[in-house]
Amino acid sequence: MSTDCQLCTFYLDDLYFGVDVQKVQEVIRYQEMTRVPLAPPVVRGLINLRGQIVTAIDMRRRLDLPLLPADRLPMNVVIRTDSGPLSLLVDEIGDVLEVNSDEFEQPPENLRGVVRELIRGTYKLKGRLLLNLDCDRAVNLTANENN
């Protein structure tokens, strides 16, 4: 029996990602950040979200992708976690897509490195591949403290 779910989509480098829309609190434009001394490099800083301090994770660094050019500002996908909201810094926001579980596939064999470790699987869409990001693993920085 197939079920549908909705994914909030975004872009990083040339890759197209989606996260369960129920995990997403909101999507906001770039916010000024306060750096955190001695934090792992994937922690880009802290943002003030209407009085709530939110950690911003640089998803390009987290996925070992080339850094965003300095003249471009990332967007924030704020997700809910057990420890509170976290911001995923992404290149560009996509749409909310409804996908069917029958279309879900395991990650392709040619997908290597951290990207492969942090995705649940893929959905083949017309003309592109949607990578379903595992938010819990993506924000678990203790699993790979070198990032």
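To start, this report covers the structure provided alongside it. Just so it is clear, the structure is predicted and the values come from calculations on it, not from any experiment.

1. What about the sheet that holds strand S2 (residues 15-20)?
Okay, so step 1: With mixed pairing, 6 strands are arranged side by side in an open sheet as S8-S1-S2-S11-S10-S9. Both edges of this open sheet fall to strand S8 (92-100) and strand S9 (104-105), since each of them pairs with a single strand only.
Okay, so step 2: Here strand S1 (residues 4-12) pairs with S8 via 7 bridges, running antiparallel. When the sheet's bridge partners are listed, Asp 4 is paired in S8 with Asn 100.

2. Thoughts on the environment of Leu 15
Okay, so step 1: Tracing the sequence through the fold places Leu 15 in strand S2.
Okay, so step 2: In the structure, Leu 15 is positioned 21 residues away from Val 36 in sequence and 28 Å away in space, judged by C-alpha atoms.
Okay, so step 3: Once residues within four sequence positions are removed from consideration, Leu 15 is found in contact with Phe 10, Leu 65, Val 115 and Leu 131.

3. Some points on unusual backbone geometry
Okay, so step 1: Positive phi is not limited to glycine here, since Asp 13 has a value of about 55°.
Okay, so step 2: When you line up the elements, Asp 13 lands in the loop between S1 and S2.
Okay, so step 3: Even without being glycine, Arg 50 reaches a positive phi, approximately 50°.
Okay, so step 4: Following the sequence through the fold, Arg 50 ends up in the loop between strand S4 (43-49) and strand S5 (52-58).
Okay, so step 5: Overall, Arg 50 belongs to the exposed group, its relative accessible area being 66%.

4. Quick notes on the pattern of salt bridges
Okay, so step 1: Throughout the structure, instances matching the rule amount to 9 salt bridges.
Okay, so step 2: Its salt-bridge partner being Glu 26, residue Arg 50 comes within 2.6 Å of it at the nearest N-O pair. Of the two residues, Arg 50 sits in the loop between S4 and S5 while Glu 26 sits in strand S3 (residues 24-28), which places them 24 residues apart along the sequence.
Okay, so step 3: Given the relative accessible area of 16%, Glu 26 is considered buried.
Okay, so step 4: The shortest N-O distance in the salt bridge between Glu 105 and Lys 124 comes to 3.6 Å. In this pair, Glu 105 is assigned in strand S9 and Lys 124 in strand S10 (residues 119-125), connecting sequence segments 19 residues apart.
Okay, so step 5: Taking relative accessible area as the criterion, Lys 124 reaches 55% and is therefore assigned exposed.

So, how was this worked out
- Residues numbered from 1 in each chain as written.
- Predicted model: local features only at pLDDT ≥ 70, side-chain atom pairs only at ≥ 80, totals over all residues.
- Heavy atoms only, no water.
- Pairing = 2+ DSSP bridges.
- Helix = DSSP H or I, 4+ residues; strand = E, 2+ residues; numbered from the N terminus.
- Contact = heavy atoms within 4.5 Å.
- Buried < 20%, exposed > 50% of the residue type's maximum accessible area, 1.4 Å probe, protein only.
- Salt bridge = Lys/Arg side-chain N within 4 Å of Asp/Glu carboxyl O.

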